[in-house]
Amino acid sequence: MTSGDTCSTPAPHRAASDADLGRAAHEPVVRTLLEPRSVAVVGASNDLRKPGARVLRNIVTHGYEGEVFPVSQGSDIVQGLPAYTSVTALPRTPDVAIVAIPIAGAVAVTEECARRGVRAVVLISADPPGSDDHHDALARVRERYPGTRILGASSLGVHGGHARFAGNFGTATEGEFDFVPSDVFILSQSGGVGGYVLSAAHASGLEIGGYISTGREVDLTFAELLTKTVDEYAPRLVLGYLEGTQDLAAFSSALQYARQRDVVVVLLRGGVTGAGRSAARRHSGLEPFDDESWRAAVDGAGALTARSIEEMLDIARAAASRRCRKDARFSVVAASGGATVLMVDALAQEGFGLARWQDSDKAELRRLLPEQAVLDNPIDATGAIFSRRHTLRSVLEVCVRHDGTDAVILTLGNMPHLDEHVFAEISAIASEVGKLVVVVWAGGSPDAVRRLAGLGVLAFSDAARCAYALRRAADIGPA
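Nothing here was measured: the structure is a model prediction, and the numbers come from that model.

### Section: the overall build of the chain
Here's step 1: In terms of regular secondary structure, the chain is built from 17 helices and 19 strands.
Here's step 2: Principal axes of the C-alpha set define a box for the chain whose edges measure 85 × 50 × 40 Å.
Here's step 3: Looking at the chain as a whole, 55% of its 479 residues qualify as buried.
Here's step 4: Contacts in the chain between residues far apart in sequence, at least 24 positions, make up 74% of those at least 6 positions apart.
Here's step 5: Of the roughly 19,800 Å² that the chain leaves accessible, carbon and sulfur atoms contribute 50%.
Here's step 6: Once the 48 positive and 57 negative side-chain charges of the chain are each reduced to a mean point, those two points are 1 Å apart.

See below:
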């Protein structure tokens, strides 16, 4: 980090003009948050028990290439970097300031950042519901300085895969974590839940291009961030966790805007019971959704909903793949008769049907498989599917060429000595054909789903989860 002229005395405040407001409305807010050229961390320290220290550590340990300015009252050097006593004292104006000090001091620092011309302030500082004085003071800063946007308060921070920017104090990206410029994004009103989604997505092979924790939404709301994410990144998928809204019409409009631009939105709602809504009010300070307004907003925009983080990610991964139609006909292949029964039950319960195989269609399979194999779809290929090196691939090739088959599901598991070969065979077929090929890996090889995802293959660990996710993705329509 190089030094330069310190900031001069701040200019006196002037009222925001119409031009100021117009420029602010068109600023690339999300891209600024996720890909800043420079960042200040206010409250940075060497004590990793403190949020500011963890923010700084996360930023510097993951390969972020922008300028980093620790701001600390107590040390000249923080985590090996020169530190400054204030935002005013910084040699250059950062794009983003992450503020991790008590909320009473954070209000003044936010105004200092705004006077300095910082484009976005991320308030890690906790602002519990009921502390309206701080909330109102921050709103006044935003009104006076429209060129500075505020994320939070009580935000966990942000995660930018495109810039390897871990501007947060969470633990989701600790250790080995691949930062990927993906077109899948997370918005969450809970920092913790958003972090859970981020780490679970990574574990399942669904890489995340950006994550924003909205916090108390004193300025930037879930609805505005969704709209701007769609505008600035044209994502394929946005995953959202939310508990309430300040403006139901704006939320509904944001969902409709995403749908109009072919962005798939998958939402997990917190506060679906009376007890949950009470907890949500205490957590976010936002008015929780009632069932009627939620359904009107979500159904009217064609957004998808999930009941758990696991289900959200299942739906997301299915939606991100080659999607099938609601009337798709499946061919099911397994090395176990019981596995075929579970799979066809799950498909039928979601309204899917099986492809019809004529005797002439089965002739080629009969040449590949032993007499005890059952060829009346679902196809119980028995363990013989692994008897010769390319039998699995040959069987899958017959299935994907079958005219009546729209998609193929292969159910496997418990093959610790064969899985590398099997993964390669499945990946080769899935990448070569124009039909959806899905794997249900029901046991053994606990990282099979992630490893297959890394090869571009949609995979699940359970038949019911697979069928449910495929059906919800089919509700969107074919990709």
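Following the structure, the description resumes.
### Let's talk about the packing of aromatic side chains
Here's step 1: For the coordinates displayed, the defined rule picks out 10 aromatic pairs.
Here's step 2: A ring pair is formed by Phe-69 and Tyr-84, whose centres lie 6.1 Å apart and whose planes are at 75 degrees; its orientation type is edge-to-face. Pair noted here: Phe-69 is in strand β2 (residues 67–71) and Tyr-84 is in the loop between β4 (81–82) and β5 (96–99), with a separation of 15 residues, a long-range link.
Here's step 3: Judged by relative accessible area, Phe-69 falls into the buried class, the value being 0%.
Here's step 4: Judged by its relative accessible area of 13%, Tyr-84 is buried.
Here's step 5: Taken together, the aromatic side chains of Phe-222, Phe-251, Phe-289 and Trp-294 make up a single cluster linked through ring pairs.
Here's step 6: Directly above the aromatic system of Phe-460 lies the positively charged group of Arg-317, at a separation of 4.6 Å from the ring centroid.

### Here's the deal with the side chain of Glu-243
Here's step 1: Within the secondary structure, Glu-243 sits in the loop between β11 (237–242) and α8 (248–260).
Here's step 2: At 3.4 Å, the side chain of Glu-243 and the side chain of Ser-284 are in polar contact.
Here's step 3: If we skip the residues at most four places from it in the chain, Glu-243 touches Gln-189, Gly-270, Ala-280, His-283, Ser-284, Glu-287, Pro-288 and Phe-289.

### Overview of the packing of helix α13 (residues 359–368) against helix α14 (residues 391–401)
Here's step 1: For the pair α13 and α14, the least separation of the axes is 10 Å and the interaxial angle reads 180 degrees. When the axis of α13 is compared with that of α14, the two are roughly antiparallel. Packed against α13, whose contacting residues are Glu-364, Leu-365 and Leu-368, the element α14 presents Thr-391, Ser-394, Val-395, Val-398 and Arg-401 at the interface.
Here's step 2: Grouping the amino acids of the contact of α13 with α14 by side-chain chemistry returns four nonpolar, two polar and two charged.

### Overview of the pattern of salt bridges
Here's step 1: Taken as a whole, this structure holds 31 salt bridges when the rule is applied.
Here's step 2: As a salt-bridge pair, Asp-95 and Arg-37 come within 2.9 Å of each other at their nearest N and O atoms. Here Arg-37 lies in the loop between α2 (29–34) and β1 (38–42) and Asp-95 lies in the loop between β4 and β5, a separation of 58 residues in the sequence.
Here's step 3: For Asp-95, a relative accessible area of 6% translates into the label buried.
Here's step 4: Asp-475 is the partner of Arg-471 in a salt bridge, and the nearest nitrogen-oxygen pair spans 3.3 Å.

Parameters at a glance
Residues numbered from 1 in each chain as written. Predicted model: local features only at pLDDT ≥ 70, side-chain atom pairs only at ≥ 80, totals over all residues. Heavy atoms only, no water. Helix = DSSP H or I, 4+ residues; strand = E, 2+ residues; numbered from the N terminus. Buried < 20%, exposed > 50% of the residue type's maximum accessible area, 1.4 Å probe, protein only. Contact = heavy atoms within 4.5 Å. Areas by Shrake-Rupley, 256 points an atom, 1.4 Å probe, with all protein chains shown as cover. Lys, Arg positive; Asp, Glu negative; His and termini not counted. Charge placed at Lys NZ, Arg CZ, Asp CG, Glu CD. Phe/Tyr/Trp six-rings, centres within 6.5 Å; stacked < 30°, edge-to-face > 60°. Lys NZ or Arg CZ within 6 Å of the ring centre and 35° of its normal. Polar contact = N/O pair within 3.5 Å; in protein donor to acceptor, adjacent residues only side chain to side chain. Axes fitted to C-alpha atoms, helices over the stretch in contact; angles between N-to-C directions. Parallel < 35°, antiparallel > 145°, perpendicular 65-115°, else oblique. Nonpolar A, V, L, I, M, F, W, Y, C, P; charged D, E, K, R; others polar. Salt bridge = Lys/Arg side-chain N within 4 Å of Asp/Glu carboxyl O.

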